[in-house]
Amino acid sequence: MPLPSSAPRAPVFTVDIPLLPESAVGNALQFIDLVRGANLLAGLRLGAQAPRMAWRLTDAHDQPLPPLPGPLAAYTAAQEPSAAKNAADTPAHAVFISSIHAADIPAIRAVASRHRALSRQLGIAIDAGQKVLTVGSGAWLAAQSGRLNGHQASLPWFYIAGFERDFPDIGFSPAQDVSDDGPWLSCALPQSVNLLALALVRHALGDELAAACATVMTPDHQRARAALQANAQQHIPATRDSTLARAMAWMEAHLDQPYSLAQLAAAASVSKRTLLRHFQQELSQSPLDYLHGLRCARARVMLEVTLESVPSIAVACGYADPAAFRRIFARYTGMAPAEYRKRHALRAPRRRWRVEMPPR
């Protein structure tokens, strides 16, 4: 059942991620994927009340970015659902700055000069007690804030001489992939973004969760060999199935059959009430809502790659009434089946089909 409104909210640590035209966007996406992994692990260990991390993609003027297209949309929507409600209107706890795409140090200086407003925002963030994270040349934007004199940074060796001329009061950690010095967390190269994320997890979620994340975010060849050996000797049993897994598998296998909560509960070996509670607690939806999602996914594929009529597709997806299918499909996809086919069909029009190969 849903938590009562008086239940305490899980703590949320929010990271703002400004993206400039010159930003190495891949750094930011990699960082977000690592944050997602940390949230997943926190949830597995501590449940719904686990502390979480959320993020907001912004432009250089701290304005939210519009939704990104295609597979990148999830990075803009970006927040873990449980964290987003708490974090949407709260101040950030940290700011992540990607490295800068620039050919040389003069070009980096030019980019930093163009974005002095962002550096001023970083100075305000540091004054407010926030952490600033930088990757590689992104350190120029942080140092330009004037708030990090006396601190140390981790930079690629080929930037150190130029950076030291620009910011003589900032030190270096040449023997470390990541520097964690007060408000400033920095890594020299993109390959160390995972270590940068782990350093932030330690501040945001605590030492225990950071240690747990380190086991899955850093390479460990010895553990990999041990896991293979244990699996070969059958010391690691298969994961047991769960109520949700049994119910989902049954629905996928009986997608075109009429929905029956009683049959579904029997397939999952629980009562109807227990099944509804599991779906609501874990997925925040009913079994029927989940089934509609599966059916609409099949319908999208059939609309894209077949010439079956909409009524035929409705039957194949478990809907005896084509009108009901059209309403549900529109609710889940935002458009009618015919419009979806018009936009997404992968087949050429029938008039262009070639039945026989032309003579040579």
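Up top is the structure these notes are about.
The structure presented is a predicted model; accordingly, all values stated were derived computationally and were not measured.

1. Here's the deal with the sheet that holds strand 1 (residues 12–18)
Logical step 1: Spatial ordering of the open sheet is given by 2-1-3-4-8-7, a layout of six strands whose pairing is mixed. Of all the strands in the sheet, the pair left with one neighbour each is strand 2 (52–58) and strand 7 (178–181). The sheet shows a mean angle of 15 degrees between the axes of neighbouring strands, direction not considered.
Logical step 2: Pairing of strand 1 with strand 3 (residues 94–97), which is carried by two bridges, proceeds in the parallel orientation. When the sheet's bridge partners are listed, Val15 is paired in strand 3 with Ala94.
Logical step 3: Sheet strands in contact with helix 1 (residues 25–46) are strand 1, strand 2, strand 3 and strand 4 (131–135), and its direction is about 160 degrees off that of strand 2.

2. A short note on the pattern of salt bridges
Logical step 1: Inspection of the entire model under this criterion finds seven salt bridges.
Logical step 2: The partner of Asp16 in a salt bridge is Arg56, and the shortest N-O contact between them spans 2.8 Å. Residue Asp16 is located in strand 1, and its partner Arg56 is located in strand 2; the two are separated by 40 residues in the primary sequence. A single burial state applies to Asp16 and to Arg56, both of which are buried.
Logical step 3: For Glu22, the salt bridge is made with Arg114, and the minimal N-O distance between the two is 3.0 Å. Note that Glu22 is positioned in the loop between strand 1 and helix 1 and Arg114 in helix 4 (residues 105–114), a separation of 92 residues in sequence.

3. Details of the packing of aromatic side chains
Logical step 1: Within the structure shown, the criterion is met by 11 aromatic pairs.
Logical step 2: Here Trp157 and Phe158 contribute two aromatic rings whose centre-to-centre distance is 5.4 Å and whose plane-to-plane angle is 85 degrees, an arrangement assigned as edge-to-face.
Logical step 3: A residue is classified by how much of its surface remains accessible, and Trp157, at 71% relative accessible area, is exposed.
Logical step 4: Aromatic pair Tyr319 and Phe325: ring centres 5.7 Å apart, planes at 40 degrees, arrangement tilted. For the pair formed by Tyr319 and Phe325, the shared burial category is buried.
Logical step 5: By the ring-pair criterion, three or more aromatic residues cluster together here, those being Trp140, Trp157, Phe158, Tyr159, Phe163, Phe167 and Phe172.
Logical step 6: The side chain of Arg295 reaches across the aromatic face of Tyr319, ending 4.8 Å from its centre.

4. Observations regarding the pairing of strand 8 (residues 184–187)
Logical step 1: What you see with strand 8 is no split at all: Trp184 and Ser186 on one side and Leu185 and Cys187 on the other are buried throughout.
Logical step 2: Taken together, the four bridges between strand 7 and strand 8 define a ladder with antiparallel strand orientation. Across the sheet, residue Asp181 finds its bridge partner in strand 8, namely Trp184.

5. Description of the environment of Ser179
Logical step 1: With respect to the helices and strands, the residue Ser179 is situated in strand 7.
Logical step 2: When the C-alpha atoms of Ser179 and Leu196 are compared, they prove to be 8.3 Å apart, with 17 residues separating the residues in sequence.
Logical step 3: Ignoring anything within four residues of it in the chain, the contact list for Ser179 reads Gln152, Ala153, Ser154, Ser173, Trp184, Leu185 and Ser186.
Logical step 4: Within the local environment of Ser179, its side chain forms a polar contact with the side chain of Ser173, the two groups lying 3.4 Å apart.

Cut-offs used in this document
- Residues numbered from 1 in each chain as written.
- Predicted model: local features only at pLDDT ≥ 70, side-chain atom pairs only at ≥ 80, totals over all residues.
- Heavy atoms only, no water.
- Pairing = 2+ DSSP bridges.
- Helix = DSSP H or I, 4+ residues; strand = E, 2+ residues; numbered from the N terminus.
- Axes fitted to C-alpha atoms, helices over the stretch in contact; angles between N-to-C directions.
- Contact = heavy atoms within 4.5 Å.
- Salt bridge = Lys/Arg side-chain N within 4 Å of Asp/Glu carboxyl O.
- Buried < 20%, exposed > 50% of the residue type's maximum accessible area, 1.4 Å probe, protein only.
- Phe/Tyr/Trp six-rings, centres within 6.5 Å; stacked < 30°, edge-to-face > 60°.
- Lys NZ or Arg CZ within 6 Å of the ring centre and 35° of its normal.
- Polar contact = N/O pair within 3.5 Å; in protein donor to acceptor, adjacent residues only side chain to side chain.

The values are spatial; any link to function lies outside them.
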